[in-house]
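A closer look at the structure
Spelled out, the chains give:
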Amino acid sequence: MSFDLQLEFADWMLIAAALIGLYSILLLPLRDSEAWKKRGVTVGGISGIPLLIFLRTTKGLKLLDQLSRPKWIWRTAVTIGIPLVILSMATFLILVLLMTYLMILSPPEPSSYNAPRNILLIPGLNEYIPFLWGWIALFVTMLVHEFAHGILSRVEGVRVKSMGIVTLLVAPIAAFVEPDEEDLFGTKNKPPLVNRAARIRILSAGVIANFMVAALAMALFFGPVLGSMSPVDRLIAVGVQEDSIAEEAGFESGMVLLQVNGENAIKIEELYSNLGSTMVEMEVLHNGQKEIFNLPGQAARGIMVASIFPDSPADSVGLPAGSVISRIDGKEVVDVEGFRREMNLTRPGQIITITTGSGKSYQVNLTSAAGQGEDEQKEESDAVGTGFIGIVMSGNAIYSGGVAFQEAPASEFLQMLKTIPKSGVEGFAYMLNLPFSGIPGFTQKGFPGFSGWLTAVYEPVGWAEPLGERFFWIANLLLWIGWINLYAGLFNCLPAGPLDGGHIFRDLVQTGFERLVPPEKAEKLTRTAVAIFTWVILTSLLISIIAPFTHSISI
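Calculation notes
Residues numbered from 1 in each chain as written. Predicted model: local features only at pLDDT ≥ 70, side-chain atom pairs only at ≥ 80, totals over all residues. Heavy atoms only, no water. Helix = DSSP H or I, 4+ residues; strand = E, 2+ residues; numbered from the N terminus. Contact = heavy atoms within 4.5 Å. Areas by Shrake-Rupley, 256 points an atom, 1.4 Å probe, with all protein chains shown as cover. Buried < 20%, exposed > 50% of the residue type's maximum accessible area, 1.4 Å probe, protein only. Arc of directions from axis to C-beta. Pairing = 2+ DSSP bridges. Salt bridge = Lys/Arg side-chain N within 4 Å of Asp/Glu carboxyl O. Core = buried A, V, L, I, M, F, W, Y, C linked by side-chain atoms within 4.5 Å. Phe/Tyr/Trp six-rings, centres within 6.5 Å; stacked < 30°, edge-to-face > 60°. Lys NZ or Arg CZ within 6 Å of the ring centre and 35° of its normal. Axes fitted to C-alpha atoms, helices over the stretch in contact; angles between N-to-C directions. Parallel < 35°, antiparallel > 145°, perpendicular 65-115°, else oblique. Nonpolar A, V, L, I, M, F, W, Y, C, P; charged D, E, K, R; others polar. Left-handed = near helix turned anticlockwise from the far one by under 90°. Patch = residues over 30% accessible without salt bridge, like charges linked within 9 Å, V, L, I, M, F, W, Y side chains within 5 Å. Lys, Arg positive; Asp, Glu negative; His and termini not counted. Charge placed at Lys NZ, Arg CZ, Asp CG, Glu CD.

Brief notes about the overall build of the protein
Of the regular secondary structure elements, the protein holds 18 helices and 20 strands. Contacts spanning at least 24 positions in sequence make up 64% of the contacts within the protein whose residues lie at least 6 apart. Surface accessibility of the protein: about 28,600 Å² in total, with carbon and sulfur atoms responsible for 62%.

Considerations on unusual backbone geometry
Despite not being glycine, Asn-261 has its phi angle at roughly 55 degrees, a positive value. Backbone geometry at Asp-329 places phi at a positive 50 degrees, although glycine is not the residue there.

Observations concerning helix α12 (residues 336–343)
Residues Val-336, Gly-338, Phe-339, Glu-342 and Met-343 constitute the buried set of α12. Buried residues of α12, seen end-on, are gathered within an arc of 165 degrees and therefore sit on one face of the element. Opposite the buried face of α12, by more than 90 degrees, sit the exposed residues Glu-337 and Arg-341.

Examining the pairing of strand β19 (residues 403–407)
Counting buried positions along β19 yields four of five residues, so the element is predominantly enclosed. In this structure, strand β6 (residues 235–240) lies alongside β19, joined through five bridges in antiparallel fashion. Looking at β19, one finds that Val-240 is bridged to Val-403. Of the pairings in the sheet, the one linking strand β18 (residues 391–400) to β19 comprises three bridges and is antiparallel in character. Bridging from a neighbouring strand, Tyr-399 pairs with Ala-404 of β19. Between β18 and β19, which pair antiparallel one after the other, the connecting turn spans two residues, and Gly-401 there sits at a positive phi close to 65 degrees.

Details of the pattern of salt bridges
Scanning all chains against the criterion turns up 13 salt bridges. Where Asp-507 meets Arg-196, a salt bridge forms, and the shortest distance between an N and an O atom there is 3.9 Å. Linking Asp-507 in helix α17 (residues 500–514) with Arg-196 in helix α8 (residues 196–227), this pair joins segments that are 311 residues apart in sequence. Given a relative accessible area of 4%, Asp-507 falls into the buried group. Since its relative accessible area comes to 23%, Arg-196 is described here as partly exposed. One salt-bridge network, in which partners are shared between bridges, spans Arg-196, Arg-199, Asp-507 and Glu-514.

Quick notes on the nonpolar core
By size, the foremost hydrophobic cluster in this structure holds 92 residues, and its most contacted members are Phe-221, Leu-226, Met-229, Phe-450, Val-457, Tyr-458 and Trp-480. With 16 residues, α8 is the largest single contributor of residues to this core. Beyond its immediate chain neighbours, meaning those up to four positions away, Phe-221 contacts Leu-226, Phe-450, Ala-475, Leu-478 and Leu-479.

Points about the pairing of strand β7 (residues 256–260)
Most of β7 is tucked away, with four of its five residues classed as buried. The pairing of β7 with strand β9 (residues 279–286) spans four bridges and is antiparallel. Looking at β9, one finds that Leu-257 is bridged to Val-284. As paired elements, β7 and strand β8 (residues 263–264) share two bridges and run antiparallel to each other.

Quick notes on the packing of aromatic side chains
Applying the stated criterion across every chain, the model contains 16 aromatic pairs. Between Tyr-128 and Phe-436, the aromatic rings sit 5.3 Å apart at their centres with planes inclined by 55 degrees, giving tilted as the arrangement. Of this pair, Tyr-128 sits in the loop between α5 (116–119) and α6 (131–155) while Phe-436 sits in helix α15 (residues 424–437), placing them 308 residues apart in sequence. Grouping residues by exposure puts Tyr-128 and Phe-436 together as buried. Judged by centre distance (5.5 Å) and plane angle (85 degrees), the rings of Phe-447 and Phe-450 are edge-to-face. Phe-450 shares its class with Phe-447; the two are buried. The lysine or arginine in question, Arg-301, covers the ring of Tyr-272, its NZ or CZ lying 4.1 Å from the ring centre.

Examining the packing of helix α4 (residues 71–105) against α17
Here α4 crosses α17 at 105 degrees, and the two axes come no closer than 11 Å. Our classification of the angle between α4 and α17 gives roughly perpendicular. Contacts between α4 and α17 involve Val-85, Ile-86 and Met-89 on the former and, on the latter, Gly-501, Ile-504, Phe-505 and Leu-508. For the contact of α4 with α17, a count of residues per class yields six nonpolar, one polar and no charged.

Some points on the packing of α6 against helix α16 (residues 470–492)
Running from amino to carboxyl end, α6 crosses α16 at an angle of 50 degrees, the nearest separation of the two axes being 8 Å. The angle between α6 and α16 places the two elements in the oblique class. By crossing handedness, the relation of α6 to α16 is classed as right-handed. Contacts between α6 and α16 pair Trp-133, Gly-134, Ile-136, Ala-137, Leu-138, Val-140, Thr-141 and His-145 from the former with Trp-473, Asn-476, Leu-477, Trp-480, Ile-481, Ile-484, Asn-485, Ala-488 and Asn-492 from the latter. Here the residues of the contact of α6 with α16 are counted per class, giving 11 nonpolar, six polar and no charged.

Focus: a nonpolar patch on the surface
Taken together, Leu-98, Tyr-101, Leu-102 and Leu-105 make up a surface patch of nonpolar side chains, about 430 Å² in accessible area. Take Tyr-101: it is sitting in helix α4.

Remarks on the environment of Ile-398
With respect to the helices, strands and loops of the structure, Ile-398 is situated in strand β18. Of the residues examined, Ile-398 reaches a relative accessible area of 0% and is grouped as buried. Taking the C-alpha atoms as reference points, Ile-398 and Glu-269, 129 residues apart in sequence, are found 9.4 Å from one another. Contacts of Ile-398, omitting those with residues within four sequence positions, involve Ile-268, Leu-271, Tyr-272, Leu-275, Ala-299, Ala-300, Arg-301, Val-403, Ala-404 and Phe-405.

As for the environment of Leu-168
Along the chain, Leu-168 turns up in strand β3 (residues 160–168). C-alpha separation for the pair Leu-168 and Ile-53, spaced 115 residues apart in sequence, amounts to 6.6 Å.

Topic: the side chain of Ser-544
By secondary structure assignment, the location of Ser-544 is in helix α18 (residues 519–546). Overall, the relative accessible area of 15% leaves Ser-544 in the buried class. What Ser-544 contacts, discounting residues up to four positions off in sequence, is Met-103 and Ile-119.

Here's the deal with a negative patch on the surface
Side chains of Glu-242, Asp-243, Glu-247 and Glu-248 sit close together on the surface and give a patch of like negative charge. Looking at where Glu-248 falls in the secondary structure, it is placed in helix α9 (residues 245–249).

What follows is the structure, given as structure tokens:
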């Protein structure tokens, strides 16, 4: 991270601290207002600083009583789900600790993936989560989680004092159901109303409800929704060179090419055959609107460079990601097969001339592919002992006037999505990372759902065809409700206070200790264990935030 970026980060932190301070000062009168407390509005905070507004109500408590009446059903369902909570607690804890260990061992470079704003799954703050669908999904997640706590509280006979939401500024960041803590946990002079098994059921109910909603939403998304989605052949603008003719004309990445000179252009070959040496008229789809652009028709075919391996020959000569390689040593490279064919003729130590679609040339001193991963070698060559450039390709492309076009991998991406439920642990891991990984080699900012140009490369079929564009609303709603419920459930499983997992962990550990030592000593050992795990988890989360910035400590 450069010194300038450090200053920028520090400036933003200072501005944020000033705004938080001003906000907390404005809340001081509200915190001390008895009139507002009578209306169910109170102010809470962190370390005595007022930051959060709690909006409480007793309306809806009768609904909880009605929903909890088939008590044996609720009790049985949650009891069956408790092993899943414990398994998720252990698995997610191991994952968090493993990621922390890897970050300490090899701190990642600062990027948008590990930016502090993107660690929190708050729509609008996290740039990978769409604002509208994210907030709808987050609201559903909070509602499901807290209602489940409330219903199980009533099932076990624990009084619910109120329910409500927590806001930061004007944004609701949490919902809550407020069981009577004396009934649930007891006091020094009064034992809890419920036994330990009942308390674990109450505390586990929210996580189990999140998992159930996530499972239902994902089943619908990967089943009837993806099954009613058909890919459409389109060419997409995947990169626009700065200060180019295309940028001046108004081209942007993500535009969908519809026609060239009045002729349909849905394949690379069709586009190339319609481009000549004169100006061409291009009709594109941008933000749901058709637009016309004029662009010089002279074009170059080649392969798109999706990314560059660090410290590779391509990196050392400054070959930028997003380039279209059109020639090697003056020989035209029109597709991936042609590129690999030319690379199979090279040897380590050989210097070759790489020419891009913009006409710029690079003298690249090839190295050996030995020591590179098998997939990395196959990116460039099928032969052993050939030269290595150090690039990742994303397929065939055409470069014209500063803009690069590729065929949208709609079929491939749809098929990849459909295989996720069948891929076991690997598919589960990919699903967790889906909003951040996006379409490999094609999208730069993850996968926000079916929006933007993605809605132009898919169309609803079968039962979904009459819905038109509204079909994608359903797809996005199910995707984000499933994903955020899953993540919220996993996070709440962590054995750290004040999360549900912390309370569940406490009861489980104390039950184990009481079988070995007297109750008084078991209580002390339990407090120590919970404190250690809470400290470890909070430290791990802190390390994940600051680790990317440790690259610049030596400055």
